[in-house]
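Close look at the chain arrangement
Single-letter residue listing:
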Amino acid sequence: MQNQPAARARALTKVYGDGDSRVVALSSVDVEFYSGRFTAIMGPSGSGKSTLMHCVAGLDAPTSGEVFLGDAELADMTDNQLTALRRDRVGFVFQAFNLLPTLTAWENITLPLDLAGREPDRELADAIVDAVGLRDRLHHRPAQLSGGQQQRVACARALITNPDVVFADEPTGALDSRSSADLLDLLRTSVDRFGRTVVMVTHEPAAAAYADRVLFLADGRLVDELTAPTADRVLDRMKHLERVAV
Ligand SMILES: Nc1ncnc2c1ncn2[C@@H]1O[C@H](COP(=O)(O)OP(=O)(O)OP(=O)(O)O)[C@@H](O)[C@H]1O
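About the thresholds
Residues numbered from 1 in each chain as written. Predicted model: local features only at pLDDT ≥ 70, side-chain atom pairs only at ≥ 80, totals over all residues. Helix = DSSP H or I, 4+ residues; strand = E, 2+ residues; numbered from the N terminus. Buried ≥ 20, exposed ≤ 12 C-beta atoms within 10 Å, placed from the backbone. Near = placed C-beta within 6 Å. Nonpolar A, V, L, I, M, F, W, Y, C, P; charged D, E, K, R; others polar. Contact = placed C-beta atoms within 7 Å. Pairing = 2+ DSSP bridges. Axes fitted to C-alpha atoms, helices over the stretch in contact; angles between N-to-C directions. Core = buried A, V, L, I, M, F, W, Y, C linked by C-beta atoms within 7 Å.

A few points about the overall build of the chain
When its secondary structure is counted, the chain shows eight helices and 10 strands. Taking the principal axes of the C-alpha coordinates as reference, the chain spans close to 50 × 45 × 40 Å. Counting the 246 residues in the chain, one finds 41% classified as buried.

Spelled out as structure tokens, the structure:
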């Protein structure tokens, strides 16, 4: 049985520019991201992966179509409501870690709560700090941490508000293979242990294999999907897509 979608889009279309520079980045995409699941989005370069994630996360407005986070339709929201939604109900992890250099790891992790005037839930904060394995680094600043540690701080920051959905855009893109595996384990743990919903854009079949389900985009359309993926099966589908695309 599938869970309720934590986020979904209907007939989502995104067009950039006009005239000669017009690009249809997404063409009438219907998609559901199930609650408590880990979904990976793959596809050739330029296929619309980041655009899809940004539209569903409320970072970018669709040209047409509908996007829902839970029951809320994003188009019905004012700018202030969208800002609050991005702060309180959505967590983000990007390829560049985007930590504030003057704050310690702990201050970076709790920043979204400070901005919202909320206190950390001690039990959740403890569990997250243990899961990211940074208990002895909490008072270090980003420059004193490795890339992998910085990305785990970013991941803890995305989890600390107990968001409905964590969106990760190429989160392992700047990491070595060991740090990538640690980060992917952490995203997997956030789903299995904390019940989070994770949506991750990636180029790497080995990273997509951590997900429960992989969606494949080509030319702005959803063209395929795989459940219980393995790196080999993901790679096979990608080869097929890239053959079709040339
Ligand atoms: N701000 C923008 N203005 C104009 N065109 C854009 C803009 N953002 C994206 N595009 C175009 O939209 C299409 C989809 O881009 P998108 O970044 O979503 O693809 P992607 O699958 O994430 O690519 P990659 O794997 O290379 O990061 C591409 O043709 C891109 O050039």
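Describing the site of the ligand
Taken together, Tyr16, Gly17, Val23, Ala25, Gly43, Ser45, Gly46, Ser47, Gly48, Lys49, Ser50 and Thr51 make up the full set of residues adjacent to the ligand. The leading source of residues in the shell around the ligand is helix α1 (residues 49–56), at three residues. Residues that form the shell around the ligand fall into these classes: three nonpolar, eight polar and one charged.

A short note on the environment of Ser190
Checked against the element boundaries, Ser190 lands in helix α6 (residues 177–192). Residue classification places Ser190 among the buried residues on the basis of 24 C-beta atoms within 10 Å. In the structure, Ser190 is positioned 152 residues away from Phe38 in sequence and 9.3 Å away in space, judged by C-alpha atoms. Aside from chain neighbours lying at most four places away, what touches Ser190 is Leu159, Val166, Arg196 and Val198.

Here we look at the sheet that holds strand β6 (residues 90–94)
On the basis of which strands lie adjacent, the open sheet formed by six strands has the order β6-β7-β8-β3-β9-β10 and mixed pairing. With partners counted over all chains shown, the strands left at the sheet margins are β6 and β10 (221–227), one partner each. Taken over all neighbouring pairs, the strand axes of this sheet differ in orientation by 20 degrees on average, direction set aside. Across five bridges, the pairing between β6 and strand β7 (residues 165–169) is parallel. Residue pairing across strands places Phe92 opposite Phe167, the latter belonging to β7. Sheet strands in contact with α1 are β3 (38–42), β7, β8 (198–201) and β9 (213–218), and its direction is about 150 degrees off that of β8. The strands touched by helix α5 (residues 147–159) are β6 and β7; relative to β6, the strand with the most contacts, the crossing angle is about 170 degrees.

Observations regarding unusual backbone geometry
We note that Asn98 has phi near 55 degrees; this positive angle belongs to a residue other than glycine. With respect to the helices, strands and loops of the structure, Asn98 is situated in the loop between β6 and α3 (105–116). Positive phi outside glycine occurs at Ala228, with the angle close to 45 degrees. Locating Ala228 in the fold gives a position in the loop between β10 and α8 (231–245). Taking the number of C-beta atoms within 10 Å as the measure of exposure, Ala228 has 10 and is therefore exposed.

Some thoughts on the environment of Leu26
Tracing the backbone shows Leu26 in strand β2 (residues 23–34). For Leu26, a count of 28 C-beta atoms within 10 Å gives the class buried. Sequence-wise, Leu26 and Leu222 are 196 residues apart; in three dimensions their C-alpha atoms are separated by 9.0 Å. Contact partners of Leu26, with chain neighbours within four places excluded, come to Leu12, Thr13, Lys14, Gly48, Thr51, Leu52 and Gly220.

Focus on the nonpolar core
Ranked by internal contacts, the top residues of the largest apolar core, which has 65 residues, are Ile41, Cys155, Ala156, Val165, Phe167, Leu187 and Val214. With six residues, the single largest contributor to this core is α5. Not counting residues within four places of it along the chain, the set of residues in contact with Val165 comprises Ala6, Ala7, Phe33, Leu69, Val90, Thr197 and Val199.

Here's the deal with the sheet that holds strand β1 (residues 5–16)
Ordered by their spatial adjacency, four strands build an open sheet running β2-β1-β4-β5, and the pairing between neighbours is antiparallel. At either margin of the open sheet sits one strand with a lone partner, and together these are β2 and β5 (72–73).

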